[in-house]
Amino acid sequence: MTGWDVLNEARAMLRAAVAGVPSDGWQRPTPCTEWNVAQVLQHAALDQRAWAAAVGGTEPPGEKPFAPSGQLGDEPLAYAEAALEASAPAWAAVGEDGEPTPTPLPSGPMPPADAAAAAALDAAIHAWDIAVATGQGSPLTPQLARALTPVARSIVEPLRQYGAYAQALEPDPGADDAAALLCYLGRRPG
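On a predicted model such as this, the values are computed, not experimentally measured, just so you know.

Colleague: Which residues make up the overall build of the chain, and what values do they have?
Modeller: Within the chain, the secondary structure is distributed over six helices and zero strands. Each helix (α) and strand (β) of the chain, taken in turn from the N terminus, gives the series α-α-α-α-α-α. In summary, the chain has a C-alpha radius of gyration of 15 Å against a globular reference of 16 Å for 190 residues, a match within 12%. In terms of overall dimensions, the chain has a C-alpha envelope of 45 × 40 × 30 Å along the principal axes. Taking all contacts inside the chain whose residues are at least 6 apart in sequence as the whole, residues at least 24 apart take part in 68%. Here the chain has roughly 8,900 Å² of accessible surface; of this, 52% comes from carbon and sulfur atoms. Between the averaged position of the 10 positive side-chain charges in the chain and that of its 22 negative side-chain charges there is a distance of 4 Å.

So this is what it looks like as structure tokens:
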């Protein structure tokens, strides 16, 4: 899978998870212990806008991704879709084999395919958070997890010091790639 394939699959996961939230599900707690479903969606959408701003050199989102209010407006799916559509032109302008791409991460620029995979990691994990918090099945496939694990290992440890990820958990013996990635990111797959 290329970085763009991974990004497209993760974004589709986020759309599907948001579409599957019942109308009374937006205030439910999530694996992101301090945030409810609406706040996780807002964080994920603002992160996608931040990635687009870094990659495309446009203005970053006006709101801070790590301080989500949970105010999404009238339609949560439209809120998510607006963020994904806003980031599409930035990613379309980046060549997969081009020069290192600016990122919103403290680590700075990274190869374009890795940057796309890092943005995908954010979308995929928050899609999982939303899905499991609202009783949907896990949308994270072992294949996508395998594609995301190398970039996760390259960016997560430096970001843990900023509180962006919980401490890694030990996966159960025989855990598949999706469960192992979730544990690495501090989530309990079950």
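Alright, that's what it looks like, and here's the rest.
Colleague: Talk me through the pattern of salt bridges; I want residue IDs and the actual numbers.
Modeller: Counting across every chain of the model gives four salt bridges. A salt bridge links R187 to D129, with the nearest nitrogen and oxygen atoms 2.8 Å apart. Here R187 is found in the segment after helix 6 (177-184), whereas its partner D129 is found in helix 4 (residues 112-133), with 58 residues between them in sequence. Judged by relative accessible area, which is 0%, D129 ranks as buried. The partner of R146 in a salt bridge is D177, with the nearest N and O atoms 2.6 Å apart.

Colleague: Which residues make up the packing of helix 5 (residues 142-160) against helix 6, and what values do they have?
Modeller: Across the interface, helix 5 lies against helix 6 with an axial gap of 9 Å and an inter-helix angle of 15 degrees. Taken as axis vectors, helix 5 and helix 6 run roughly parallel relative to one another. Relative to helix 6, the crossing made by helix 5 is left-handed. Across the interface between the two elements, P142, A145, R146, L148, T149, A152, R153, V156, E157 and R160 of helix 5 pack against D177, A178, L181 and Y184 of helix 6. Taken together, the residues that form the contact of helix 5 with helix 6 break down as eight nonpolar, one polar and five charged.

Thresholds, definitions, all that
Residues numbered from 1 in each chain as written. Predicted model: local features only at pLDDT ≥ 70, side-chain atom pairs only at ≥ 80, totals over all residues. Heavy atoms only, no water. Helix = DSSP H or I, 4+ residues; strand = E, 2+ residues; numbered from the N terminus. Rg over C-alpha atoms; globule rule 2.2 N^0.38 Å. Contact = heavy atoms within 4.5 Å. Areas by Shrake-Rupley, 256 points an atom, 1.4 Å probe, with all protein chains shown as cover. Lys, Arg positive; Asp, Glu negative; His and termini not counted. Charge placed at Lys NZ, Arg CZ, Asp CG, Glu CD. Salt bridge = Lys/Arg side-chain N within 4 Å of Asp/Glu carboxyl O. Buried < 20%, exposed > 50% of the residue type's maximum accessible area, 1.4 Å probe, protein only. Axes fitted to C-alpha atoms, helices over the stretch in contact; angles between N-to-C directions. Parallel < 35°, antiparallel > 145°, perpendicular 65-115°, else oblique. Left-handed = near helix turned anticlockwise from the far one by under 90°. Nonpolar A, V, L, I, M, F, W, Y, C, P; charged D, E, K, R; others polar.

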